[in-house]
Each structure stands twice: as structure tokens, then as C-alpha cells.
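What the coordinates show
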Amino acid sequence: MLRNILVRIVVLSVLLLGTSCAPSGPAIMVDVSASSARVNDVVTIPIQVENIADLTAVEVHLSFDPSVLEVVQLNDGGFVQVDFAVQNTFDNTAGTIDYAVAQINRPPAKGSGVLFEIVFRAKAAGESSVSFHETPAVPAGALLSDSKGVAIQVSLTGGNVSVSQP
């Protein structure tokens, strides 16, 4: 009985440690290190990629609570050299952001970096998630493409911004 318990603990430990020590795969995340603001503050939130090997095109669709935040502008992050911008728009009424760019006739981007930045103004006290939302063309909310036009499988991580009174 004790031996069975010990074996299970060892197996479970190996599985957990193996998972946590394994290198991360490709990911896109909303970096909310500046996750709190006060009303009327301007907050810049980077949208980052990690562990990308062969990136030439990006399409990202995000949503936020427009009663708490409003987008002031979207800035290129420099990770992908924007030769062709398909979308670089936001809708402060609907609470959506649509960003799609590609680089052409350049070596693919690789590694980790900032795809783009969202500059928000905090409108009202509350909390807003900044999350990936599906579209008919991009059901996961984000699509990355390699140099052959093949989708790159990525994990997606959204974030939250908390706004308090000044």
C-alpha cells in the first residue's frame, strides 16, 4: 500500500516537473505588466510573441470593455517588418481591435518580441479583460503564418486591466 502511494507520488512528480521544465512552445500574449491604472491614465499594453521560428504574417483580433477603456492608437512593435498592413483598426464602441500585417521578401521573424502595442486611455473605474476573440476567418482570435503560408500553432494568453478612481 505504502509502496503504491510512493510510486504514484514519484510518477506524478516526474510528470509535473517534466511539464514545467519543458521549453515553451510558440505563444502570443497580452502583456499586462502595467495591469492597473487610474481614470484618465494612458496605459500601453504590448502584444508579444514568444518562441516563434518562422513568422511572416500575423492576424490578431482582441476585445476589451469599452465602458472602462478606450484605444487611443495602435503602434507597430517591430517584430514583424510591416510591408503590407491588412488591418490596423480599433472600434471603441464595440470594444474590438483588429490587426493583420505581413512582411514580404524578407527573412522570417524568429524568437520573441512585440508584435504591436495598444495605447489605452482609462475611461472609468472597473476591470476590463483584453482577450482574443473569434472572427469568421480566425476562430481562435489569432493566426500566425510561416514563410510557406502554413498556420503556426500558438497558445494564446489574454490579460486584465484594472482601473481605479484618481
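Computed from a predicted model, the values in this text were never measured in an experiment.

Opposite charge on two side chains makes pairing possible when the charged atoms of those side chains draw close. Here the structure, examined in full by the defined rule, presents two salt bridges. Here aspartate 83 makes a salt bridge to arginine 106, at a shortest N to O gap of 2.8 Å. Here aspartate 83 is found in the loop between β5 (69-76) and β6 (84-91), whereas its partner arginine 106 is found in the loop between β7 (96-102) and β8 (109-122), with 23 residues between them in sequence. Taking the relative accessible area as the measure of exposure, arginine 106 reaches 39% and is therefore partly exposed.

A few words now on the sheet that holds β5. The five strands are arranged β5-β8-β3-β1-β12 in an open sheet whose pairing can be described as mixed. Each having just a single partner strand, β5 and β12 (155-157) make up the two edges of the open sheet. Strand-to-strand twist across the sheet, computed as the mean angle between neighbouring axes with direction ignored, equals 15°.

Glancing now at the packing of aromatic side chains. A full pass over the atoms with the stated rule returns two aromatic pairs. Where phenylalanine 64 meets phenylalanine 120, the ring centres are 5.3 Å apart and the plane angle is 65°; that geometry is what we call edge-to-face. Taken together, the residues span a long stretch of sequence, with phenylalanine 64 in the loop between β4 (57-63) and β5 and phenylalanine 120 in strand β8 at a distance of 56 residues. Phenylalanine 64 gets classed as buried once you look at its relative accessible area, which sits at 6%.

Procedures and definitions
Residues numbered from 1 in each chain as written. Predicted model: local features only at pLDDT ≥ 70, side-chain atom pairs only at ≥ 80, totals over all residues. Heavy atoms only, no water. Salt bridge = Lys/Arg side-chain N within 4 Å of Asp/Glu carboxyl O. Helix = DSSP H or I, 4+ residues; strand = E, 2+ residues; numbered from the N terminus. Buried < 20%, exposed > 50% of the residue type's maximum accessible area, 1.4 Å probe, protein only. Pairing = 2+ DSSP bridges. Axes fitted to C-alpha atoms, helices over the stretch in contact; angles between N-to-C directions. Phe/Tyr/Trp six-rings, centres within 6.5 Å; stacked < 30°, edge-to-face > 60°.

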